[in-house]
Amino acid sequence: MKKVLLFLLTFFMGVAGTQQLNAQIAFSMDEEKANQNTPEGWKAVELPQGLPEFTSANTFVITDAPFNASASSEDNTAAIQAALDAAAAAGGGMVVIPKGTFLSGCLLMGSKTVLHLAKGATLKMKAFDTFPTDENGYRMMEAPFITGKDGASDIVIEGESRTSSVIDGQGGPWWDQVEAAKAVKKSTKRHAMIRFWQGSRYLYRNFCVQNAPNTNITIGRSGKGGQATVHSINIKNPASTAPDPSHNTDGFPIWSQYVNIYDCDIDTGDDNVVCDNDAQYVHVWNCELKAGHGASIGSFTKNLHDIIYEDLTLDGTDCGFRLKSNRDRSGDVYNIVFRNCTMTNVASPFVITSWYDKIPESPVQAMLSPDELLETTPRFHDVLIQNVDVSGHTSYKSSPKNNFGIFIYGRPEAPIKDIVFDNVQITHSKGIKMNFCEGITFLKNCSYEVKNTNKTAKNGFATKKKLDDVIEEKIACSFIWGK
């Protein structure tokens, strides 16, 4: 009889706890609908659809019975997965991670599910040494930390605080393993912290991702897994230049269509945000980019067009705007906009190159012996760079491809074409390098000053002659000044 009473008391306390949490969780997508900011001529990004009304019947707190997750457990995978399965079985539901730190392995979400992290909640990937090893003895992640069941769509991952609702990958040992494997020319198998690619309509908001073993929030794959909205996210990983750097920790890699990313703070060890194959109709705005490789496109650039990066603040990134690829992984790339941005202490503000990781030793020799034009040869054209202020970088670095204020390097068989600089103000440690490009336009409202610790300042753009003064290399390049 005592056991029955104890069970009933525990059950009703669990229900009461869920109802109390329910009262505190006000779920709405009104903010997303109001802030979609769809560019003219584009279709609006689709938000998750068909989510149920969330009640005590379809809200599952992982610490409640029968799940019984615990902050003292070394592995809550089964408990959290059971809560996610219960939400899917209910035809959609909310799974709540309450305040506390909960260790888990990889998780699968079903359609019409909300994963909600309370303020003070940390969902942490379990210890490195609990993962299986491959044939070389290296630990491996066999799937993303959080992903979807087959075809899972209409999914929300959200927090109550972008600083204290946390998803943590415990990446340190994974980064050390990457360095050890590289030393013997081996590779390791790591996945994203969050990645869905078989369905569509995803919303991520108001939490922090940190210490990712690999990429953070990867959107889509092979053109699938699109229709994603991301906002109010903090990404935190050690810079690639830190004493203990993170490896391949891109903030938001994008591999699909129709994506909105806004109001995010990205401080990481690789590209802050990057569009790769099949990225189309991607709009990124009002984000802060700190350590990292900047607002990037590529190096995989097949089926890629209509990308807008705007209203970004870049402070101390390695690169600012970077479009890069190789002749084995590209194609026709166009309708790219980078505008209304500020860069401070950015080493390489503008990089557009068809020679990613392979700059020719001699551009003249490359011109005399062009490669065969392939379907996968980069063909970059129609890029607008507008209303951008660049300042603060004065340390000179002697390098054939780094630290130029503007670096444009096409291929003899496929020149980069039709890049427009409109109201771009640059003060930087080095000048301009442009090889194998056509129709590079600098409008009269632009300015350029070379200012570094080793060289007397030189000004450009005031006249065509002044522009010539700050061009440090120009091979097979035509440009237009003064429209």
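Here the structure is shown first, and the text comes after it.
As a convention, each chain's residues are numbered from 1 in the sequence order in which they are written. Residues qualify for local features only when their pLDDT is at least 70, as the model is predicted, and side-chain atom pairs are given and counted only at 80 or more; totals for whole chains, interfaces and linings, by contrast, use all residues. Hydrogens and water molecules were not included; the side-chain quantities draw on all heavy atoms of the structure.

**Some points on the overall build of the chain**
- Helix and strand content of the chain: six helices and 32 strands.
- In this setup the radius of gyration rests on C-alpha atoms only. A globule is expected at 2.2 Å times the number of residues raised to 0.38. Compactness check: the chain gives a C-alpha radius of gyration of 25 Å against a globular reference of 23 Å for 483 residues, within 12% of the reference.
- Projected onto its principal axes, the C-alpha positions of the chain cover 95 × 50 × 45 Å.
- Only protein chains enter the calculation, and the probe is 1.4 Å; a residue is then buried if its accessible area is under 20% of its type maximum, exposed if over 50%, and partly exposed in between. The buried share of the chain, reckoned over its 483 residues, is 56%.
- Across the chain, the centroid of the 47 positively charged side chains sits 3 Å from that of the 54 negatively charged ones. Here a helix means four or more residues in a row that DSSP labels H or I, a strand means two or more in a row labelled E, and each is numbered from the N terminus. Think of it this way: Lys and Arg go in the positive column, Asp and Glu in the negative one, and His and the chain ends go nowhere. Just so you know, the charge point we use is NZ for Lys, CZ for Arg, CG for Asp and CD for Glu.

**A look at the nonpolar core**
- Formed by 99 residues in total, the largest nonpolar core has its most connected members in Ile261, Tyr309, Phe321, Phe338, Phe350 and Phe421.
- Apart from residues lying up to four places away in sequence, phenylalanine 421 is in contact with Phe350, Ile385, Ile406, Ile408, Ile440, Thr441, Phe442, Leu443 and Cys446.
- Phe54, Val61, Met94 and Val114 belong to the second-largest nonpolar core, a separate cluster that totals 10 residues. Throughout this description, the term nonpolar core refers to a set of buried Ala, Val, Leu, Ile, Met, Phe, Trp, Tyr and Cys residues connected via side-chain atoms within 4.5 Å. Throughout, a contact is declared for two residues whenever any of their heavy atoms are within 4.5 Å.

**As for the side chain of serine 299**
- Position of serine 299 relative to the elements: it lies in the loop between β20 (295–297) and β21 (304–310).
- A relative accessible area of 7% places serine 299 in the buried class.
- Other than its neighbours up to four places away in sequence, serine 299 contacts Asp276, Lys324, Ser325, Asn326, Arg329 and Tyr356.

**What to know about the state of the cysteines**
- Any pair of cysteine sulfurs within 2.5 Å is marked as a disulfide. Tallied over the full model, the rule gives zero disulfides.
- Take cysteine 208: it sits in no disulfide, and the sulfur closest to it among the cysteines is that of cysteine 264, at 11 Å.
- Among the residues examined, cysteine 208 registers a relative accessible area of 2% and is labelled buried.
- Looking at the unpaired cysteine 319, the closest cysteine sulfur is the one in cysteine 341, lying at 14 Å.
- Classification of cysteine 319 by relative accessible area gives buried; the value is 10%.

**Some words on the pairing of strand β24 (residues 332–344)**
- Pairing between β21 and β24: six bridges, direction parallel. Bridge assignment links tyrosine 309 to a residue of β24, and that residue is phenylalanine 338.
- Pairing of strand β22 (residues 313–315) with β24, which is carried by three bridges, proceeds in the parallel orientation. Considered in β24, the bridge of aspartate 315 is made with threonine 344.
- Strand pairing requires that DSSP identify at least two bridges connecting the strands. Pairing geometry for β24 and strand β26 (residues 379–391), over 10 bridges, is parallel. Counterpart to valine 333 in the pairing with β26 is phenylalanine 380.

**What to know about a nonpolar patch on the surface**
- The grouping of Val364, Met367 and Leu368 at the surface amounts to a nonpolar patch, some 280 Å² of accessible area in total.
- As for its placement among the helices and strands, leucine 368 is situated in helix α5 (residues 363–368).
- A relative accessible area of 61% places leucine 368 in the exposed class. In this scheme, patches are assembled from residues that exceed 30% relative accessible area and form no salt bridge. Like charges are connected within 9 Å, while nonpolar side chains (Val, Leu, Ile, Met, Phe, Trp, Tyr) are connected within 5 Å. Reported accessibility uses the Shrake-Rupley method at a 1.4 Å probe radius. Residues are deemed covered only where the shown protein chains occlude them. In what follows, salt bridge is the name for a side-chain nitrogen of Lys or Arg lying within 4 Å of a carboxyl oxygen of Asp or Glu.

**Here we look at the packing of aromatic side chains**
- Between 30 and 60 degrees the pair is tilted, below 30 it is stacked and above 60 it is edge-to-face, where a pair is any two Phe, Tyr or Trp rings, Trp via its six-membered ring, whose centres lie within 6.5 Å. Scanning all chains against the criterion turns up 21 aromatic pairs.
- Their ring planes at 40° and their centres at 5.9 Å tell us that tryptophan 255 and phenylalanine 300 sit as a pair that is tilted. One end of the pair, tryptophan 255, is in the loop between β14 (252–254) and β15 (257–262); the other, phenylalanine 300, is in the loop between β20 and β21, and 45 residues separate them in sequence.
- Placement of a charge over a ring requires the Lys NZ or Arg CZ to be within 6 Å of the ring centre, with the centre-to-atom vector within 35 degrees of the ring normal. One cation-aromatic arrangement involves lysine 324 over tyrosine 356; the distance from NZ or CZ to the ring centre is 5.6 Å.
- Sitting over the ring of tryptophan 355, arginine 411 keeps its end group 3.8 Å from the ring centre.

**Concerning helix α3 (residues 77–89)**
- Here a helix's expected span is defined as the number of its residues, less one, multiplied by 1.5 Å. The terminal C-alpha atoms of α3, which comprises 13 residues, lie 18 Å apart, in line with the 18 Å expected from a rise of 1.5 Å per residue.
- Those residues of α3 that fall on the buried side of the exposure criterion are Thr77, Ala79, Ile80, Gln81, Ala83, Leu84 and Ala87.
- Each element contacted by the buried residues of α3 is listed here: β1 (59–61), β2 (93–97), β3 (100–104), β4 (107–109), β5 (113–117) and β6 (121–125).
- At the C-terminal side of α3, glycine 91 shows a positive phi close to 80°.

**A few points about the pattern of salt bridges**
- According to the stated counting rule, one finds 16 salt bridges in the structure shown.
- A salt bridge links lysine 149 to aspartate 85; its shortest N-O distance comes to 2.8 Å. Here aspartate 85 lies in helix α3 and lysine 149 lies in the loop between β7 (146–148) and β8 (155–159), a separation of 64 residues in the sequence.
- Among the salt bridges present, the one from aspartate 328 reaches arginine 329, with a minimum N-O distance of 3.1 Å.
- The class for aspartate 328 is partly exposed, based on a relative accessible area of 47%.
- One network of salt bridges, with partners in common, ties together Arg327, Asp371, Arg411 and Glu413.

**Quick look at unusual backbone geometry**
- The linkage connecting alanine 65 with the following residue, proline 66, adopts the cis geometry, with an omega of 10°.
- If you trace the backbone, proline 66 turns up in the loop between β1 and α3.
- Here the bond from glycine 298 into serine 299 is cis, since omega is 25°, no more than 30 degrees from zero.
- Phi angles above zero are rare outside glycine, and asparagine 206 is one such case at about 65°.
- Counting through the fold element by element, asparagine 206 comes out in strand β11 (residues 202–210).
- Despite not being glycine, aspartate 263 shows a phi value in the positive range, around 55°.

**So, a negative patch on the surface**
- Taken together, the side chains of Asp332, Asp382, Asp418 and Glu438 make up a negatively charged region of the molecular surface.
- Locating aspartate 418 in the fold gives a position in strand β28 (residues 416–428).
- Taking the relative accessible area as the measure of exposure, aspartate 418 reaches 38% and is therefore partly exposed.

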